[in-house]
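# Examining the three-dimensional arrangement
One-letter residues, chain by chain:
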Amino acid sequence: METVNVVLEELEETSRRIMRRLVSYSKHVDRRFSGSQVSALQTVEFYGSLKVSQLAECLSLSSSAVTLLCDKLIHNGYLQRERSFDDRRVVCLVITESGKEMLQQLLDKEKEVVCRWLTGLSAEEMRQFSTTLNRITENVKNL
């Protein structure tokens, strides 16, 4: 019977292999985008309008990092900056129609990639995998 340490070692090695593959979003989905850029588009679309500092908090990134990644999205027409009607000093990020269309294309490609990665797993195995990943996510949040 396997000991917990042996199982943990196998899980650590498997996790490292998966993480190395997942880290390069652009290699699997679209070379023009990073995973952080896609997360930024998703978050801005969800909230409708966000200040850079709010987006940075949502993404757990620094404001300067978010500014850099958003500058590229703005340059390519996927996001735009708009001044607040209430306070003209406040500038918010808003997703453009082009950004919404691109985001949908990226999410569709992501789904295809994930489906390929999960080939051969039954619905029950996928459900258990999802449950386990959600539990791990909660553990990480609580650290």
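A short tour of the structure in this document, coming up. Being a predicted model, the structure only gives us computed values, none of them experimental.

Even without a glycine there, the phi angle at Ser60 is positive, about 55°. Looking at where Ser60 falls in the secondary structure, it is placed in the loop between α4 (52-59) and α5 (63-75). Taking the relative accessible area as the measure of exposure, Ser60 reaches 67% and is therefore exposed.

Helix length check: helix α6 (residues 97-117), at 21 residues, gives a terminal C-alpha distance of 30 Å against a target of 30 Å (1.5 Å per residue), a fit within 8%. Within the sequence span of α6, burial applies to Gly99, Met102, Leu103, Leu106 and Val113. The buried residues of α6 occupy an angular sector of 105° when projected down its axis, which confines them to one face. Looking at α6, the residues exposed on the side facing more than 90 degrees away from the buried face are Glu97, Glu101 and Lys111.

We now examine the pattern of salt bridges. Tallying each qualifying case throughout the model produces 5 salt bridges. Between Glu124 and Arg127 there is a salt bridge; the shortest N-O distance is 3.4 Å. Taken as a pair, Glu124 and Arg127 lie in helix α7 (residues 123-141) at a separation of 3 residues, close to a single helical turn. By relative accessible area, which is 47% here, Glu124 ends up partly exposed.

Turning next to the environment of Arg81. Note that Arg81 resides in strand β1 (residues 79-83). Owing to a relative accessible area of 43%, Arg81 belongs among the partly exposed residues under this scheme. Spatially, the C-alpha atom of Arg81 lies 35 Å from that of Leu143, the residues being 62 residues apart in sequence. Aside from chain neighbours lying at most four places away, what touches Arg81 is Thr67, Asp71, Ile74, Val91, Cys92 and Leu93. In terms of polar contacts, Arg81 uses its side chain to reach the side chain of Asp71, at 2.4 Å.

Scanning the entire structure with this criterion turns up 2 aromatic pairs. Plain terms: the ring middles of Phe33 and Tyr78 are 5.5 Å apart, the flat faces sit at 50° to each other, and that makes the pair tilted. Residue Phe33 is found in the loop between α2 (25-28) and α3 (35-47), and its partner Tyr78 is found in the loop between α5 and β1; the two are separated by 45 residues along the sequence. Using a relative accessible area of 11% as the deciding quantity, one classes Tyr78 as buried. Their ring planes at 90° and their centres at 4.9 Å tell us that Phe46 and Tyr47 sit as a pair that is edge-to-face. Take Phe46: its relative accessible area is 66%, and that puts it in the exposed class.

Where α3 meets α6, the axes come as close as 10 Å, and the angle between the chain directions of the two elements is 120°. The angle between α3 and α6 falls in the class oblique. You can see that α3 and α6 cross each other, and the crossing is left-handed. Counting all contacts with α3, which are made through Val38, Leu41, Gln42 and Glu45, the residues of α6 involved are Lys100, Leu103, Leu106, Leu107 and Glu110.

Reading the values: the criteria
- Residues numbered from 1 in each chain as written.
- Predicted model: local features only at pLDDT ≥ 70, side-chain atom pairs only at ≥ 80, totals over all residues.
- Heavy atoms only, no water.
- Helix = DSSP H or I, 4+ residues; strand = E, 2+ residues; numbered from the N terminus.
- Buried < 20%, exposed > 50% of the residue type's maximum accessible area, 1.4 Å probe, protein only.
- Expected span 1.5 Å × (residues − 1).
- Arc of directions from axis to C-beta.
- Salt bridge = Lys/Arg side-chain N within 4 Å of Asp/Glu carboxyl O.
- Contact = heavy atoms within 4.5 Å.
- Polar contact = N/O pair within 3.5 Å; in protein donor to acceptor, adjacent residues only side chain to side chain.
- Phe/Tyr/Trp six-rings, centres within 6.5 Å; stacked < 30°, edge-to-face > 60°.
- Axes fitted to C-alpha atoms, helices over the stretch in contact; angles between N-to-C directions.
- Parallel < 35°, antiparallel > 145°, perpendicular 65-115°, else oblique.
- Left-handed = near helix turned anticlockwise from the far one by under 90°.

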